[in-house]
Protein chains: 2
Amino acid sequence: MPDIQVCFSPALFQYQSAPGTNVIVVDVLRATTSIVEAFKNGVNSMIPVETVEEAKALKAKGYIVAAERDGIVLDFADFGNSPDNFSAQNVKGRDIAYSTTNGTKTIQIASGCNSVAIGAFTNISAVCRWLEQMDGDVCVLCAGWKNKFNLEDSVYAGAVASRLLATGRFSTDCDSAKAAIMLWDTYKDDIIGFVNKSAQKKRLQKNGLDSCIDYCLSHDKTDVLPVFCNGRLIDSKYL
Amino acid sequence: MPDIQVCFSPALFQYQSAPGTNVIVVDVLRATTSIVEAFKNGVNSMIPVETVEEAKALKAKGYIVAAERDGIVLDFADFGNSPDNFSAQNVKGRDIAYSTTNGTKTIQIASGCNSVAIGAFTNISAVCRWLEQMDGDVCVLCAGWKNKFNLEDSVYAGAVASRLLATGRFSTDCDSAKAAIMLWDTYKDDIIGFVNKSAQKKRLQKNGLDSCIDYCLSHDKTDVLPVFCNGRLIDSKYL
């Protein structure tokens, strides 16, 4: 029976992952919610880049660039990392270079695994369907904050793990998965209250960027599933 | 107001710690419970050593050695890592070299901080009193399992964090501390049931070593507080 793991930080992934794992990368506030939004609105592809220099180089080559650090849009970028930046008008049919504080680095860390897909609450059912049909071990990899644990990604991991276990076709021996499920089970009826306790809520509020939180916590706005393949994020329907 | 942090893995400590922090190292099952037991029973000092080679070298110098890997007593050691090994008969007045899978490495990782003390449920009130009188930031550092998150150390961290917050003289902005407190608050009335879900319970059971779990989860068997100082663990009363 396939095993479900949850990894609370990119810095812990090396101790948990196996090459055959199907990885879901999550950065609920806001990178992976924004990526899902971009694919919902018809972006052609996205290139996650880790460094500011790589983002600049792609800008010079004519790419549209979405990039932020610590919630602040980088000066050379076309826009930042709020889901509403990724409107159809901004992204439809385009290729976008994308760099954020935590999310893009995390995608690249997972790149040696069997598959890497992008998870958010806004596509959580698509994520679970994908994992069910992949039929291998699963790891929900939380982007966290600068390698630290965070509340919002961990509770999302619990939501996914809980759904997969409920199918009866997965099991888990992973203490992180169990803790994530406990958090989800205890707080799922007040997930906004739960995320209001997070450090990231304060950070976004400080920069006037917290109005997107309700949207980031809403379920199933789309069926798209972005996957990471050959250095790019593409819609899984093209696989 | 001093801040409370919880670090879920030794591999994450570099991203959370500050040199001025007072660190509590915890490895409930079983290293730090055993260390507390040794000091309760009058050990003179303990030298935590990371590698099997260091433990062997101290054995050759005449030290008593307690050492295990993955729950198995090392062949040259005098005894292993169960609290009941550290009886007065075995430890009183002696200096013991000590090496375990996760616990001893974790103690050494914290050694650059303001203070490093050893926490277990069996001395939890002594731990909290110590942190209250130290009057600086606090980090409860979980030994985990081979750098992975574990349930038993995390819920202990939540117990300590919860008590400190209740004094009104500490605060926390740390998402790990908040999650640990949530786990403690939800499961404190059935902590044995909670720890029965852990991977470590299965490991100990497999080796016939799980009979110590109830003891490891019992509160305040002693007032001793072992502290790490100049490469040795000593009783805090000698500071």
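Procedures and definitions
- Residues numbered from 1 in each chain as written.
- Chains lettered and ligands numbered in written order.
- Predicted model: local features only at pLDDT ≥ 70, side-chain atom pairs only at ≥ 80, totals over all residues.
- Heavy atoms only, no water.
- Helix = DSSP H or I, 4+ residues; strand = E, 2+ residues; numbered from the N terminus.
- Expected span 1.5 Å × (residues − 1).
- Buried < 20%, exposed > 50% of the residue type's maximum accessible area, 1.4 Å probe, protein only.
- pLDDT = per-residue confidence, 0-100.
- Contact = heavy atoms within 4.5 Å.
- Pairing = 2+ DSSP bridges.
- Salt bridge = Lys/Arg side-chain N within 4 Å of Asp/Glu carboxyl O.
- Least-squares fit on C-alpha atoms with pLDDT ≥ 70 in both.
- Core = buried A, V, L, I, M, F, W, Y, C linked by side-chain atoms within 4.5 Å.
- Phe/Tyr/Trp six-rings, centres within 6.5 Å; stacked < 30°, edge-to-face > 60°.
- Lys NZ or Arg CZ within 6 Å of the ring centre and 35° of its normal.

Asker: Explain helix H7 (residues 151-166) of chain A here, please?
Answerer: Turn by turn, an α-helix covers 3.6 residues, leaving residues three or four places apart pointing in a common direction. All names here are of chain A. If you check H7, its first and last C-alpha atoms are 22 Å apart, about what 16 residues at 1.5 Å a residue would give, namely 22 Å. Among the 16 residues in H7, 13 count as buried, and that is most of the element. Residue Gly168 follows H7 closely and has a positive phi angle near 80°.

Asker: Sorry if this is basic, but what is going on with the confidence of the model for chain A here?
Answerer: For any part of a model where pLDDT is low, the fine detail of the predicted coordinates should not be relied upon. Of all residues in chain A, 100% attain a pLDDT of 70 or more, and the chain-wide mean is 95. Model confidence for the complex is summarised by a pTM of 0.96, with the ipTM given as 0.94.

Asker: Explain the side chain of B:Ser176 here, please?
Answerer: With respect to the helices and strands, the residue B:Ser176 is situated in helix H8 (residues 175-187). Setting aside residues no more than four positions away along its own chain, B:Ser176 makes contact with A:Phe149, B:Val6, B:Phe8 and B:Gln16.

Asker: Looking at this structure, how should I read the pairing of strand E6 (residues 95-99) of chain A?
Answerer: Looking along a regular strand, one sees the side chains alternate between the two faces of the sheet. All names here are of chain A. Of all 5 residues making up E6, 4 are buried, and the element is well covered by its neighbours. Pairing of strand E3 (residues 45-48) with E6 involves 4 bridges; the strand directions are parallel. When the sheet's bridge partners are listed, Met46 is paired in E6 with Ile96. Note: strand E4 (residues 64-69) against E6, 4 bridges, orientation parallel. Within the sheet, the bridge partner assigned to Ala67 lies in E6 and is Ser99.

Asker: How do you make sense of the pattern of salt bridges when you look at a structure like this?
Answerer: All names here are of chain B. Evaluated as defined, the whole model comprises 18 salt bridges over all chains. Glu37 serves as the salt-bridge partner of Lys40, at 3.3 Å between the closest nitrogen and oxygen. With Lys40 and Glu37 both in helix H2 (residues 31-40) and 3 residues apart, the pair spans about one turn of that helix. When its relative accessible area of 34% is taken as the criterion, Lys40 is described as partly exposed. Take Glu37: its relative accessible area is 10%, and that puts it in the buried class.

Asker: Please clarify how the relation of the copies chain B and chain A should be interpreted in this entry.
Answerer: What relates the pair of chain copies is a rotation about an axis plus a shift along that axis. Of the two same-sequence chains, chain B is brought onto chain A (RMSD 0.0 Å, axial shift 0.0 Å) by a rotation of 180°. In the structure described here, the two chain copies are related by an operation that fits a two-fold rotation axis. The fraction of interface residues of chain B whose copies in chain A are also interface residues reaches 100%, indicating that both copies meet through the same surface.

Asker: What is the right way to read the nonpolar core from this model?
Answerer: A:Tyr156 and B:Tyr156 are the most contacted members of the largest nonpolar core, which has 94 residues in total. Not counting chain neighbours up to four residues away, the residues in contact with A:Tyr156 comprise A:Ile24, A:Val26, A:Val28, A:Gly119, A:Ala120, A:Phe121, A:Asn123, A:Ile124, A:Val127 and A:Val140. The next biggest cluster of nonpolar side chains, apart from the first, holds 62 residues, and it includes A:Val91, A:Tyr98, A:Ile118 and B:Cys7.

Asker: How should I be thinking about the packing of aromatic side chains in this particular structure?
Answerer: Pairs of aromatic rings are described using the distance from one ring centre to the other and the angle between the two planes. Going through the model one piece at a time under the given rule, you end up with 15 aromatic pairs over all chains. Ring centres of A:Phe8 and A:Phe149 lie 4.9 Å apart, and the angle between their planes is 80°; this geometry places the pair in the edge-to-face category. In this pair, A:Phe8 sits in the loop between strand E1 (4-7) and helix H1 (13-16) while A:Phe149 sits in the loop between strand E8 (138-142) and H7, placing the two residues 141 residues apart along the sequence. The class for A:Phe149 is buried, based on a relative accessible area of 6%. On the basis of an interplanar angle of 85° and a centroid distance of 5.5 Å, the ring pair of B:Phe86 and B:Tyr98 is categorised as edge-to-face. Of this pair, B:Phe86 sits in the loop between strand E5 (72-73) and helix H4 (88-91) while B:Tyr98 sits in strand E6 (residues 95-99); the two residues are 12 residues apart in sequence, bridging distant segments of the chain. Take B:Phe86: its relative accessible area is 0%, and that puts it in the buried class. Following the ring pairs from residue to residue traces out a cluster consisting of A:Phe8, A:Phe149, B:Phe8 and B:Phe149. Positioned over the ring face of A:Trp145 is A:Arg203, at 3.9 Å from the centre of the ring.

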